[in-house]
Amino acid sequence: MTINPKLLDEVLANYKKPEDMMGENGLLKQFTKALLERAMQAELTGHLGYEKHDPAGHHSGNSRNGASRKKLKGDFGEIELKTPRDRNGTFEPKIVERHQTRWTGFDDKILSMYSRGMSTRDIQSHLEEMYGVEVSPTLISSVTSAVQEEVAIWQHRPLESRYAIVYMDALYVKMRDNSQVKNRAVYVAIGVNLEGWKEVLGLWTADHEGAKLWLQVLTEIKNRGVEDIFIACVDGLKGFPEAIELMYPQAQVQLCIVHMVRHSLNYVPWKQRRLVAADLRTIYTAATAEAAAVALRQFGDKWDASYAPISEVWRRNWERIIPFFAFPAEIRKVIYTTNAVESLNMSLRKIIKTRGSFPNEEAALRLLWLALRNHSKKWSFVQNWREALNRFQILWPERMPSIERS
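Below or above, wherever it landed, is the structure these notes cover. What you see is a predicted model; the values in this text were computed from it and never measured.

About the thresholds
- Residues numbered from 1 in each chain as written.
- Predicted model: local features only at pLDDT ≥ 70, side-chain atom pairs only at ≥ 80, totals over all residues.
- Heavy atoms only, no water.
- Disulfide = S-S within 2.5 Å.
- Salt bridge = Lys/Arg side-chain N within 4 Å of Asp/Glu carboxyl O.
- Helix = DSSP H or I, 4+ residues; strand = E, 2+ residues; numbered from the N terminus.
- Buried < 20%, exposed > 50% of the residue type's maximum accessible area, 1.4 Å probe, protein only.
- Pairing = 2+ DSSP bridges.
- Axes fitted to C-alpha atoms, helices over the stretch in contact; angles between N-to-C directions.
- Contact = heavy atoms within 4.5 Å.

## A closer look at the state of the cysteines
And step 1. Tallied over the full model, the rule gives zero disulfides.
And step 2. A disulfide-free cysteine, Cys233 has its sulfur positioned 5.0 Å from the sulfur of Cys256, the nearest such atom.

This is the structure:
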């Protein structure tokens, strides 16, 4: 629709400064009010079938019946609208529905601020400062609580049948349980599909992180349609790899090298950590698994006298450390680290640290879901994915879908 320039000139005839347009009683607010009221009058005319004062309305069985007043909040601030009524009470305006008190998009702004860790008080102050709108804590709570159904639908949605890589990790969140605040583990799983795109498969909570509980998570993932996982990248939690192999016998379990290095450095005083870390790097950056084994022996010869548990842990987990050596160097880092999920967890921690604690599990998952929805928008296609896919085709041709084999 093209707006007549003469109409704009007429509207802006007395315009002198920005406040005349955007201020408390500025043109934008007045124009919005006039347009909405005129639109509702037009809707009522369509509902009744005749114009105001039209003789066709005589004895029609229904007629105009004044107007009710309501306040509407939006980017334009808060305006008072006159909503027209009909005598039979059958008119339902569409542009501003009968019980609507917030303009379309206003709730999205509240959710956007909430998902970035802003407190209720911060949201109140921001809306009042930016739009001149006073919003109660109850309103903010009702807006954020309204997404709970979306969270539930997302959490139980069907998943793809195959994921090339699945990263799994957990973070801890303070939640109130009865009268006590406790740390609860929130499990996060990220899958990389065969097209090279990442997605969060779900969020789950438990009293603590444990292999038995990860087994429950894996069971749910399987029930939601995941038939096969090529590579599962996990931390060194005892029993975790066994849980994966139980649910997905063909999955190649890859221990996260970053977790292995961090765990190793726990045995080392600060002054020597850089030296030990450099020698550990020679292991996981070796050209082949055989060269890595040589580097591990050399590491043991140098450091076992002081920090024997380090090489012992690496040798004990060796078969789950070396799978990434089957891939070219440019795609190894995609496989051997849970950085994808750790980056997400770091982003989530920044959001939840302003909260202190959550009143319940639902409130925690609600904010985490909103936050990860924002974070995942920044995700891009995994680099060098075509090379990885070609390698998967050679290693596991029978597990690749027919469309990829054509």
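## Description of the pattern of salt bridges
And step 1. Per the stated rule, a full pass over the model turns up nine salt bridges.
And step 2. Residues Arg69 and Glu80 are paired through a salt bridge, measuring 2.9 Å at the closest nitrogen-oxygen approach. Of the two residues, Arg69 sits in strand E1 (residues 64–74) while Glu80 sits in strand E2 (residues 77–86), which places them 11 residues apart along the sequence.
And step 3. The partner of Glu199 in a salt bridge is Arg157, and the shortest N-O contact between them spans 3.0 Å. Of this pair, Glu199 sits in strand E5 (residues 198–206) while Arg157 sits in the loop between helix H7 (148–155) and strand E3 (162–177), and the two are 42 residues apart along the sequence.
And step 4. Classification of Glu199 by relative accessible area gives partly exposed; the value is 22%.
And step 5. It is possible to trace a salt-bridge network through shared partners that takes in Glu242, Glu245 and Arg320.

## Points about the sheet that holds E3
And step 1. Strands sit in the order E5-E4-E3-E6-E7 across an open sheet of five strands; the sheet is mixed. This sheet does not close on itself; its edge strands, each paired only once, are E5 and strand E7 (252–255). In this sheet, neighbouring strand axes are inclined to one another by 25° on average, regardless of whether the strands run parallel or antiparallel.
And step 2. Bridge count between strand E4 (residues 180–192) and E5: eight bridges; the pairing is antiparallel. In the strand pairing of E5, Val192 is matched with Lys198.
And step 3. Its contacts with the sheet place helix H15 (residues 339–352) against E3, E4 and E5, and it is angled at close to 25° to E3.

Keep in mind these numbers describe shape, not what the thing actually does.
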